[in-house]
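Chain by chain, the residues run as shown.
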Amino acid sequence: MGKIFAIANQKGGVGKTTTCVNLAASLAHMRQRVLLVDCDAQGNATTGSGLDKAQISTTIANVLFKDKSVENEAIKSEIGQYFVLPANSNLAAAEIDLLDMPRREYQLRDRLRALIDQLDYVLIDCPPSLNLLTINALVAADGIIIPMQCEYYALEGLTSLLQTYERVKQLNTELIIEGLLLTMYDVRNSLTCDVTEQVKQHFGDKVYKTVIPRNVRLAEAPSYGVPALVYDRHSRGAVAYLALAEEIIHRHNPAAGMATIQYG
């Protein structure tokens, strides 16, 4: 059975969508069956996967509110070689629509669980706020991957997310913190080292060994609508996300070993 991970942080600008798109592309590159679910009305994960959010008619909104199946609404990203359940501005009214639905917190979970046996990984790009879409993503997930910058305010944002996590555990008792990912990492910055040490002291081996560096090519890739692996596969950012994908696969299948992971 595949794993469902919500990529979440209530603080914006921490590399959440960047992580979702590039991790999806890296896992797909390793011959994993991947679905990226865009739960943000801004649709950045959709455009970052090479899809035109203004032109698509198949979206997550149709799945949630028009009883369309995920299989029929998901689109193959030919650039990234994974499937995308896209989002666009049609999702903006979702909060109001969800309020009146029965089992409103479980709508996404019910739809994703129906096809999880057909996938290895589902990655959900969450909005940078606590709303019903975020709650739906966390209730649907097996675990949360938390991207965070190594700065003081990121620690404050992490505290808020952990409070949300404890509340959502009442709806999804099996939800775990899958891992914390340090992004925009600059080893030359003393604050980076200080925050890293604090996070590791508190979360131990929940902190991924892989860190995502500050990297110009990684920052440029979204403007071309492609993952960094496609834009410049030899860039430090692309290499880091490949390493993260390997680490995640190895965590859930330690017997396989890094050397046996297949690449596309």
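For the structure itself, look to the data block above.
Residues numbered from 1 in each chain as written. Predicted model: local features only at pLDDT ≥ 70, side-chain atom pairs only at ≥ 80, totals over all residues. Heavy atoms only, no water.

### Observations regarding the packing of aromatic side chains
Reasoning step 1: Summed over all chains, the structure comprises two aromatic pairs.
Reasoning step 2: Seen in terms of ring centroids, Phe5 and Tyr121 are 6.1 Å apart; in terms of plane orientation they differ by 40 degrees. Their pairing is tilted. Remark: Tyr121 occurs in strand β5 (residues 121–125) and Phe5 occurs in strand β1 (residues 3–7); sequence separation between them is 116 residues. Residues Phe5 and Tyr121 agree in their burial class; the two are buried. (Phe/Tyr/Trp six-rings, centres within 6.5 Å; stacked < 30°, edge-to-face > 60°. Helix = DSSP H or I, 4+ residues; strand = E, 2+ residues; numbered from the N terminus. Buried < 20%, exposed > 50% of the residue type's maximum accessible area, 1.4 Å probe, protein only.)

### What about the environment of Ser160?
Reasoning step 1: Relative to the assigned elements, Ser160 resides in helix α8 (residues 152–168).
Reasoning step 2: Sequence separation between Ser160 and Leu91 is 69 residues, and the spatial gap between their C-alpha atoms is 24 Å.

### Structural notes on the nonpolar core
Reasoning step 1: Counting 53 residues, the largest nonpolar core has Leu112 and Ile124 as its most contacted members.
Reasoning step 2: When residues in this core are grouped by element, the largest group, seven residues, is from helix α7 (residues 132–140).
Reasoning step 3: When residues no more than four places from it in sequence are discounted, the contact partners of Leu112 are Ile4, Leu35, Val37, Val70, Val122, Ile124 and Ala140.
Reasoning step 4: Within the second largest apolar cluster, 34 residues are counted, among which are Ile145, Ile212, Ala238 and Ala245. (Core = buried A, V, L, I, M, F, W, Y, C linked by side-chain atoms within 4.5 Å. Contact = heavy atoms within 4.5 Å.)

### Concerning the pattern of salt bridges
Reasoning step 1: Counted under the stated rule, the structure contains eight salt bridges.
Reasoning step 2: With a shortest N-O distance of 3.4 Å, Arg113 and Asp142 are connected by a salt bridge. Of the two residues, Arg113 sits in helix α6 (residues 107–113) while Asp142 sits in the loop between α7 and β6 (143–149), which places them 29 residues apart along the sequence.
Reasoning step 3: A relative accessible area of 18% means that Asp142 is categorised as buried.
Reasoning step 4: Measuring nitrogen to oxygen at the nearest pair gives 3.1 Å for the salt bridge that ties Asp232 to Arg217. On the criterion of sequence distance, the pair formed by Asp232 in the loop between α11 (228–231) and α12 (236–252) and Arg217 in helix α10 (residues 216–220) is long-range, its members being 15 residues apart.
Reasoning step 5: What makes Arg217 partly exposed here is its relative accessible area of 31%.
Reasoning step 6: One network of salt bridges, in which partners are shared, links Arg217, Glu220 and Asp232. (Salt bridge = Lys/Arg side-chain N within 4 Å of Asp/Glu carboxyl O.)

### Comments concerning the sheet that holds β5
Reasoning step 1: Reading across from one edge, β3-β4-β2-β5-β1-β6-β7 is the order of the seven strands in this open sheet, with mixed pairing throughout. At either margin of the open sheet sits one strand with a lone partner, and together these are β3 (75–77) and β7 (176–183). Across the sheet, the mean angle separating the axes of adjacent strands is 25 degrees when strand polarity is ignored.
Reasoning step 2: Judged from the five bridges that link them, β1 and β5 form a sheet pairing that is parallel. Opposite Lys3, over in β5, you have Tyr121 as the bridge partner.
Reasoning step 3: The strands touched by helix α9 (residues 190–203) within the sheet are β6 and β7, with β7 carrying the most contacts at an inclination of about 170 degrees. (Pairing = 2+ DSSP bridges. Axes fitted to C-alpha atoms, helices over the stretch in contact; angles between N-to-C directions.)

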